[in-house]
Amino acid sequence: MRKLVALSATLMTAAAIGAAGVRGEDDGPTLAVRDSDGWTTWWRRDTAPIRWNGKAVLADRITWRAGARGIEWGELQLRGSSEAWRIRLIVVRLDPRRVDLSLVPAFTKNETWSIAHADSGAALALDAGQFRGSLPWGWVVSRGKEVLAPQYAPLAGAVVVDTSGSVRIVAPDSVAVERGRGNALEAFQSYPMLLTGGAVPVPLRETGLGVDVTHRDARLAVGTLEDGRVIVALTRFDALGPTLGRVPFGLTTPEMAAVMGGLGARHAVLLDGGISGQLMLRRSNGSIRTWSGSRAVPLGLEAHSRY
């Protein structure tokens, strides 16, 4: 109990310091990135773009490191408002021409999945989709077989790996058409969409349209670039070191849309973050980096390099 009280006090202090640190800087929330010149503000809510043009204002600042074959990764430090005053952004970029993506539908065996259960040969692993209790929300296709039928909601898109190995993020109004084509090898739904053709959905730009645009949390998202590569981004609270990285302090949904736009994504969708967000990465020397979540999930996504 004493440790729990101390932890709660520490987190409250961190949030208070963060709020004080950004008060009076600018009108409205901003996002800054740390580089060799210090902190550079690159996004402001009051002047946020409606459409991202593919200019990778964040990706260009990353020192990319080699992962397993077909995968590269890097990190950035971000500064936002309130408890998001120190955020670490972990970014993975992969080439579907060199990497195979596959789902792990643990729920079909009444089991759960976490990165601790990832295949020993996996080059990358993360939780996939959103969840309703013990089940994923919406459409799930695994190894060409439909396991769960789609659900339909205004911002619920789908991540599809087709039989050619290419990866696409499908807009909500195209999920039924995609299902009808019958060429999905792997597929899952998630929400909300963050970017569609570079455009930020209206419910992420205006209040009262079904998305809480002020709630802050740890975030996980997946996107696709213009050249067909896939980009995965995970945030971690970074004010008190890696020990408390899993604390669900972080960005708003519109801010995460900005992050994906700044990484060059044309299409992007939010995955289940918070205490579920987790990522495992195999580096080029074979060693493993992990960013664990605090709970297991019904559905995982793993990547294996082709040799």
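The rules behind each value
Residues numbered from 1 in each chain as written. Predicted model: local features only at pLDDT ≥ 70, side-chain atom pairs only at ≥ 80, totals over all residues. Heavy atoms only, no water. Helix = DSSP H or I, 4+ residues; strand = E, 2+ residues; numbered from the N terminus. Buried < 20%, exposed > 50% of the residue type's maximum accessible area, 1.4 Å probe, protein only. Contact = heavy atoms within 4.5 Å. Areas by Shrake-Rupley, 256 points an atom, 1.4 Å probe, with all protein chains shown as cover. Pairing = 2+ DSSP bridges. Axes fitted to C-alpha atoms, helices over the stretch in contact; angles between N-to-C directions. Core = buried A, V, L, I, M, F, W, Y, C linked by side-chain atoms within 4.5 Å. 1 Å grid on protein atoms, 1.4 Å probe; cavity = no way out; pocket = protein on both sides within 12 Å on 5 of 7 lines; lining within 4 Å. Points joined across faces, edges and corners; volume = space filled by probe spheres on them. Phe/Tyr/Trp six-rings, centres within 6.5 Å; stacked < 30°, edge-to-face > 60°. Lys NZ or Arg CZ within 6 Å of the ring centre and 35° of its normal.

**Topic: the overall build of the protein chain**
- The secondary structure content of the protein chain amounts to 3 helices and 21 strands.
- Burial status across the protein chain gives 55% buried among its 307 residues.
- At a minimum sequence separation of 6, the contacts of the protein chain that also span at least 24 residues come to 70%.
- Accessible surface, the protein chain: about 13700 Å² in total, of which carbon and sulfur atoms supply 50%.

**Considerations on the sheet that holds strand β13 (residues 167-170)**
- Read from one edge of the open sheet, 5 strands run β11-β10-β14-β12-β13, paired in antiparallel fashion. Each of the sheet's edge strands pairs with one partner strand only, and the pair in question is β11 (145-148) and β13. Neighbour-to-neighbour, the strand axes of the sheet open up by a mean angle of 25 degrees, direction not taken into account.
- In the sheet, strand β10 (residues 140-142) pairs with β11 via 3 bridges, with the strands oriented antiparallel. Paired with Val 140 across the strands is Leu 148, a residue of β11.

**Regarding the sheet that holds strand β21 (residues 300-305)**
- With respect to topology, 5 strands assemble into an open sheet ordered β6-β21-β7-β19-β20, the strand pairing being antiparallel. Of all the strands in the sheet, the pair left with one neighbour each is β6 (99-104) and β20 (288-291). Averaged over all neighbouring strand pairs, the angle between strand axes comes to 15 degrees, with direction disregarded.
- Of the strand pairs in this sheet, strand β7 (residues 124-127) and strand β19 (residues 279-282) are connected by 3 bridges, and their pairing is antiparallel. Within β19, the position partnered with Ala 125 by the bridge is Met 280.

**Looking at the nonpolar core**
- Counting 44 residues, the largest nonpolar core has Leu 124 and Leu 279 as its most contacted members.
- In contact with Leu 124, other than residues within four places in its own chain, are Ile 71, Val 92, Leu 94, Leu 279, Met 280, Leu 281, Leu 301, Glu 302 and Ala 303.
- Judged by nonpolar contacts, the second largest core, of 36 residues, contains Trp 43, Leu 58, Leu 195 and Ala 221.

**As for empty space enclosed by the protein**
- Overall, the coordinates contain 1 cavity of 30 Å³ or more when judged by the stated rule.
- Within this model, the largest cavity holds a volume of roughly 40 Å³.
- If you list the elements that add at least two residues to the lining of the largest cavity, you get β7 and β17 (230-237).

**Focus on the packing of aromatic side chains**
- Overall, the coordinates contain 4 aromatic pairs when judged by the stated rule.
- Plain terms: the ring middles of Trp 42 and Trp 52 are 6.3 Å apart, the flat faces sit at 55 degrees to each other, and that makes the pair tilted. Residue Trp 42 is located in strand β2 (residues 38-44), and its partner Trp 52 is located in the loop between β2 and β3 (65-66); the two are separated by 10 residues in the primary sequence. Like Trp 42, the residue Trp 52 is buried in the burial classification.
- Plain terms: the ring middles of Trp 73 and Trp 291 are 6.1 Å apart, the flat faces sit at 65 degrees to each other, and that makes the pair edge-to-face. On the criterion of sequence distance, the pair formed by Trp 73 in strand β4 (residues 71-79) and Trp 291 in strand β20 is long-range, its members being 218 residues apart.
- Geometry around Trp 73 places Arg 65 over its ring, the cationic atom sitting 4.4 Å from the centre.
- The aromatic ring of Trp 64 is capped on one face by Arg 93, whose charged end is 3.8 Å from the ring centroid.

All we've got here are geometric facts, nothing functional implied.
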